Amino acid sequence: MKLKISYSLKSGVNGEVPIVATLSFGQKEMDLKTGKFVYKQIKYYIDVKVKRDEWDNELKQPINKFKLSEFLLKDQKIKDIFNSLN
């Protein structure tokens, strides 16, 4: 399996906004309404919060160096957990 992580900011929140990590790793589940197998994504709120003007939309990471170091630690922790479970 391969892990794909995409980051975004939670919408509809003012001030410091939590970062949302959407994890996709090929997990298929059966949709009970349609009876078909679909890929399910997991949304995980990272403990790091940033202001909207401190978020780089192109790189999908914080601009502030302190927040960036926290963000990269969380990113590495997610990857390590996935690798140990895989």
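Relevant structure appears above.
Let me sum up the structure you'll find in this document. Not measured: the values here are computed from a predicted model.

Under the criterion given, the structure shown has two aromatic pairs. With a centroid separation of 4.7 Å and an interplanar angle of 65 degrees, the aromatic rings of Y7 and F71 are classed as edge-to-face. Remark: F71 occurs in helix α1 (residues 65–85) and Y7 occurs in strand β1 (residues 4–9); sequence separation between them is 64 residues. A residue is classified by how much of its surface remains accessible, and F71, at 3% relative accessible area, is buried. Seen in terms of ring centroids, W55 and F71 are 6.3 Å apart; in terms of plane orientation they differ by 85 degrees. Their pairing is edge-to-face. Here F71 lies in helix α1 and W55 lies in strand β6 (residues 55–56), a separation of 16 residues in the sequence. In this structure an aromatic cluster arises from ring pairing among Y7, W55 and F71.

Cut-offs used in this document
- Here the residue numbering is sequential within each chain, running from 1 through the sequence in written order.
- Note on the predicted model: pLDDT of at least 70 is required for a residue's local features to be given, and 80 or more for side-chain atom pairs to be given and counted; whole-chain, interface and lining totals, by contrast, use all residues.
- To obtain the side-chain values, all non-hydrogen atoms of the structure were used and water was disregarded.
- Only Phe, Tyr and Trp rings take part, Trp by its six-membered ring, and two of them pair if their centres are within 6.5 Å. Stacked means planes under 30 degrees apart, edge-to-face means over 60, and tilted covers everything else.
- Each helix is a run of DSSP H or I of at least 4 residues and each strand a run of E of at least 2, with the numbering of both proceeding from the N terminus.
- The buried label applies to any residue whose accessible area, calculated with a 1.4 Å probe on protein chains only, is under 20% of its type's maximum; exposed applies above 50%, and partly exposed to all values in between.

Any functional reading would require information that these geometric values do not contain.
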